[in-house]
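Below are the chains, spelled out letter by letter.
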Amino acid sequence: MFLSFISRQPVKNTTAKKPSPGTDPARPATAGEPLLEKSRLSCRHLDVFYGAKQALHDISIDFSGNQVTSLIGPSGCGKSTFLRCLNRMNETIDICRVSGEIKLDGEDINRPEVDVVLLRARVGMVFQKPNPFPKSIRENVAYGPRIHGLARHRDEIDMIVETSLTRAGLWDEVKDRLDEPGTGLSGGQQQRLCIARTIAVSPEVILMDEPCSALDPIATARIEDLIGELKENFTIIIVTHSMQQASRVSQRTAFFHLGHLVEVGSTEAVFTTPRHHLTEEYITGRFG
Amino acid sequence: MNQNSRPQTVSTAAIVAAGLRKRYRAEKRFRRLGIGAVILSLGFLLLLFGNILSQGLPAFRQTEIALEIEFTPRLITADPARGNYRALARQALQRAFPKVRKRRAKKELYRLLSNGAAFELRRMVLADPALVGTDRRCWLPADDLVDNFLKNPESGKKRLSPRQLAWLSQLHNQGRLALRFNRFFFTRGDSRDPEMAGILGALCGSIFTLLVTLALSFPLGIASALYLEEFAGRNAFADFLEVNINNLAAVPSIIFGLLGLAVFINLFGLPRSAPLVGGLALSLMTMPTIIIAGRAALKAVPPSIREAALGIGASKVQTVFHHVLPLALPGMLTGTIIGMARALGETAPLLMIGMVAFIVDIPRSLSAPATVLPVQIYLWADSPERAFVAKTSAAIIVLLAFLILMNAGAVVLRKKFERKW
């Protein structure tokens, strides 16, 4: 009786802890080079569940600093879910459960003692739909630095507002109307305002969740140029539906399919010599 | 037989065209029905307003008699508060009609003036002590029978004696009898004499009661809505609370009155008939409405705003108070207006806690005995004197005006908080 109780424990543990990639024959191991020797952000054996449904299966991937990594894959493959794990935004969804390890500069961000406010100040996020606050342009950018206490005086805040808007390529367009509502800008300007708002906090990593999907081609081109400039100072991870965009802006590409990380590699390698047949079929447009 | 077997020669356009007229007819029918419903309800509203206004407007004017008052120091005495002002008024009537000598005739003469005339004279002397010793013409309130006679001469004259009618016509010819603006209605509390009964007491009672209600139910309601919607999360306890709040909003109001009687008066020993207790009972009734409206307003705030704030590292509380609450506030205010309007019109719970008493004094504090506008309407509607019929309608007009004023204020507030972008 007692022994049988003990013997049940390891069984439970194996269901909770996922085996490493390759041990489960039903699950394809990630092709390419998901792991790097030097990385800013690294995930190991990440599983995400929405209630009983598993959305991500055993994701292991590294991200290196000062480069753009794009996450591609068909709709519903879990790339946005994965992105939202990196700054613990999934915590806002009640039924979402995350297990596995995500390390930012060697520190596991999912440990309970890690402060989520601090984490999000280090890992900023730009969303799919431009979502400026219904406040003035100045307030939109100044809000982050203000709540984090990065600047106290009006002069300092004005400095941050100006540099952030300049880096986001928006300063010349809005410098004369900083007190007008941010929601009065065009879609592309709003998205650049949201980027300015994110970089105003000086994060280390910027997560972008399809930042151009609601924008026209010209606005998209501006944001893409901006991403190219921002990678000098930030680690950028971008989810995109457009493979052209992925090939234009990113140095590394990760392909997700049905909750599995199928292939990771340099953008050039993934697009020219994909190793996995799913990757090849997706980028040649046979499905997706 | 089925639709696929129709000949291919009939095009889709022809089929659609054949059904078009029927569709448009249905549309027109529905539009007419809607317009009819609006006209019907507007008609009833106009009927109601017309009826109330036609009955209530005469009460805003009051018959007054101008008399030469000699402010005799002997009658006013050393302490003006205790002077014999009734004698002062009678002396003036005697002066106006010196031929009236007989005791019965004098009694009839005195009855032309309201009992309130003496109070009015007292008020004048207390307000301006320099009046003592002077001699001046004053407009004093007439009795409600005289008032009624001036407003409805045909039915009114049956209640007056021929002698009184003769005196009145004499006063009228001298220009000493007139319908003037009813200042007593807006400056006095309730009275047994209809000509002296005013609405100010009930109005103050209503304002105090609503202040207590607002001060309690608004912050508590908003805080509860915020907690339940933003912080509590979804669990069995939250569901249990939600069901109970919804039930609470549907509880008949008299139950809250019973609760107020049992808890606030009997258990806590708070004074009965007081706006404080009335406000407490009404806030129990108003709070669920505010909570439900507040939660709906919070739910309507787009999640993208929450994500934006959380995404740059705002804490939960910062997100809620900097971004979510300002956007939800207009909706919350709407709910509060609805709740307060209901509280303003509520009678039943106040009957249970004794706010139905006959109260002459104008309440000056939250614990002074008071009544409220709807209760005052109920009390006057129950009074036998004819003049109270008009007073009842006039009180309804005041209640409606108060309601409109309150709502207008709330709309202005809401407009101020509403973000235009």
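These numbers were taken from a predicted model, which means no experiment stands behind them. Each chain has its residues counted from 1, running along the sequence as written. Here chains are named by letter from A upward and ligands by number from 1 upward, in the order in which they appear as written. This being a predicted model, a pLDDT of at least 70 is required before a residue's local features are given, and a value of 80 or more before pairs of side-chain atoms are given or counted; all residues contribute to the totals for chains, interfaces and linings. Remark: hydrogens and water are excluded; side-chain values derive from all non-hydrogen atoms of the structure.

**Details of the pairing of strand E1 (residues 61-70) of chain B**
Residue and element names in this part refer to chain B. Throughout this description, buried means an accessible area under 20% of the type-specific maximum (1.4 Å probe, protein chains only), exposed means over 50%, and partly exposed covers the range between. Going along the chain from the N terminus, every DSSP run of H or I of four or more residues is numbered as a helix, and every run of E of two or more is numbered as a strand. Counting buried positions over the 10 residues of E1 gives seven, a clear majority of the element. At least two bridges found by DSSP between two strands are what make those strands a pair. Of the pairings in the sheet, the one linking E1 to strand E3 (residues 177-181) comprises five bridges and is antiparallel in character. Within E3, the residue paired with Arg61 across the bridge is Phe181.

**Observations concerning empty space enclosed by the protein**
Residue and element names in this part refer to chain B. Residues are called lining when one of their atoms sits within 4 Å of a cavity or pocket point, these points coming from a 1 Å grid over the protein atoms alone, where a cavity is a set in which a 1.4 Å probe fits but cannot get out and a pocket is an open set with protein on both sides within 12 Å along at least five of seven lines. Grid points are joined across faces, edges and corners, and a volume is the space filled by probe spheres set on the points. Inspection of the entire model under this criterion finds three cavities of 30 Å³ or more. Surrounding the largest cavity, Ser206, Thr209, Leu210, Leu282, Ala343, Leu344, Glu346, Leu350, Val372 and Pro374 form its lining. Secondary-structure elements contributing two or more residues to the lining of the largest cavity are helix H10 (200-231) and helix H15 (316-344). In this classification, Asp, Glu, Lys and Arg are treated as charged, Ala, Val, Leu, Ile, Met, Phe, Trp, Tyr, Cys and Pro as nonpolar, and every other residue, Gly included, as polar. The residue makeup of the lining of the largest cavity, split by class, is seven nonpolar, two polar and one charged.

**Quick look at the environment of A:Ile160**
All names here are of chain A. Here Ile160 lies in helix H5 (residues 154-167). In this structure the C-alpha to C-alpha distance between Ile160 and Asn140, which are 20 residues apart in sequence, comes to 12 Å. When residues no more than four places from it in sequence are discounted, the contact partners of Ile160 are Pro145, Ala151 and Ala200. We call two residues contacting when some pair of their heavy atoms lies within 4.5 Å.

**Things to note about the domain arrangement of chain B**
Interface size is commonly expressed as the accessible area that is lost once the parts come together. Residue and element names in this part refer to chain B. Where each domain begins and ends is defined by an automated method or by a domain database. Per the domain assignment, the segments of chain B are domain 1 (64-182) and domain 2 (200-417). For domain 1 versus domain 2, the separation of C-alpha centres amounts to 45 Å. If you look at the interface, domain 1 gives four residues, while domain 2 gives four residues. We define buried area as the total accessible area lost by two parts upon association, computed with a 1.4 Å probe and summed across both. Buried surface at the junction of domain 1 and domain 2, summed over both partners, amounts to about 280 Å²; 37% is from carbon and sulfur atoms. Its largest share of buried area at the contact with domain 2, domain 1 owes to Asp144, Asn148 and Asn182, together 69% of the area lost on that side. Within this document, salt bridges are pairs made up of a side-chain nitrogen of Lys or Arg and a carboxyl oxygen of Asp or Glu, the two lying within 4 Å of each other. Counting the contacts that link domain 1 with domain 2 gives zero salt bridges. By the criterion applied in these results, polar contacts are pairs of N or O atoms within 3.5 Å in which, for protein atoms, one can donate a hydrogen and the other can accept it, and in which residues neighboring in sequence qualify only through two side-chain atoms. For the pair domain 1 and domain 2, the number of links is zero residue pairs in polar contact (both at pLDDT 80 or more). Its residues placed into classes, the side of domain 1 that touches domain 2 shows no nonpolar, three polar and one charged.

**Considering the nonpolar core**
Residue and element names in this part refer to chain B. We define the nonpolar core as a collection of buried residues of types Ala, Val, Leu, Ile, Met, Phe, Trp, Tyr and Cys that are connected through side-chain atoms lying within 4.5 Å of one another. Residues Phe185, Ile199, Leu350, Ile353, Leu373 and Trp380 are the most contacted members of the largest nonpolar core, which totals 36 residues. Counting only elements with at least two residues in this core, the list comes to H10, helix H12 (253-267), helix H13 (275-299), H15, helix H17 (373-381) and helix H18 (387-417). When residues of this core are assigned to their parent elements, the largest contribution, eight residues, is made by H18. The residues contacting Ile353, other than those within four sequence positions of it, are Gly257, Gly260, Leu261, Ile265, Arg272, Ser273, Val277 and Gly278.

**Overview of the packing of helix H1 (residues 12-56) of chain B against H18(B)**
Residue and element names in this part refer to chain B. Close contact between H1 and H18 brings their axes to 7 Å; oriented N to C, the two are set at 125°. Considering the angle they form, H1 stands oblique to H18. Relative to H18, H1 is oriented so that their crossing is left-handed. Seen from H1, the contacting residues are Phe49, Ile52, Leu53, Gln55 and Gly56; seen from H18, they are Val389, Ala390, Ser393, Ala394, Ile396, Ile397 and Leu400. Helix axes use the C-alpha atoms of the stretch in contact, all axes being lines fitted to C-alpha atoms, and the angles between their N-to-C directions lie in the range 0 to 180 degrees. Roughly parallel means an angle under 35 degrees; roughly antiparallel, over 145; roughly perpendicular, 65 to 115; everything else is oblique. Crossings are sorted by hand: turned counterclockwise from the far helix by less than a right angle, the near helix makes the crossing left-handed, and turned clockwise it makes it right-handed.

**Notes on the layout of surface pockets**
A volume near 750 Å³ is recorded for the largest pocket. Surrounding the largest pocket, 26 residues form its lining, A:Thr92, B:Glu229, B:Glu230, B:Arg306 and B:Lys316 being those nearest its centre. When grouped by side-chain class, the residues that make up the lining of the largest pocket number 10 nonpolar, three polar and 13 charged. Its boundaries defined by the atoms lining it, the second largest pocket holds a volume of some 450 Å³. Mapped onto the lining of the second largest pocket, the elements with two or more residues apiece are helix H3 (85-96), helix H4 (103-110), helix H5 (116-127) and helix H6 (144-151) of chain B. In terms of residues, the lining of the second largest pocket owes the most to one element, H3(B), which gives four residues. Here the lining of the second largest pocket is composed, by residue class, of nine nonpolar, three polar and 11 charged. Counting the residues that make up the lining of the second largest pocket, at least three belong to each of domain 1 (64-182) and domain 2 (200-417) of chain B.

**Description of the side chain of B:Glu346**
Residue and element names in this part refer to chain B. Mapped onto the fold, Glu346 is located in the loop between H15 and helix H16 (348-352). The charge count treats Lys and Arg as positive and Asp and Glu as negative. His and the chain ends do not count. Here Glu346 sits buried without a salt bridge, and the closest side chain of opposite charge, Arg342, lies 4.1 Å off (N-O distance). Polar side-chain contacts of Glu346 include one of 2.9 Å to the side chain of Ser253. Setting aside chain neighbours within four positions, we find Glu346 in contact with Ser253, Leu282, Met285 and Pro374.

**Section: the interface of chain B and chain A**
Opposite the 18 residues of chain B that make contact, chain A presents 26 residues. B:Glu307 is paired through a salt bridge with A:Arg84; the nearest N and O atoms lie 2.8 Å apart. Elements with a contribution of two residues or more to the side of chain B that touches chain A: helix H14 (303-311) and H15 of chain B. Partitioned by chemical class, the residues of the side of chain B that touches chain A number eight nonpolar, seven polar and three charged.

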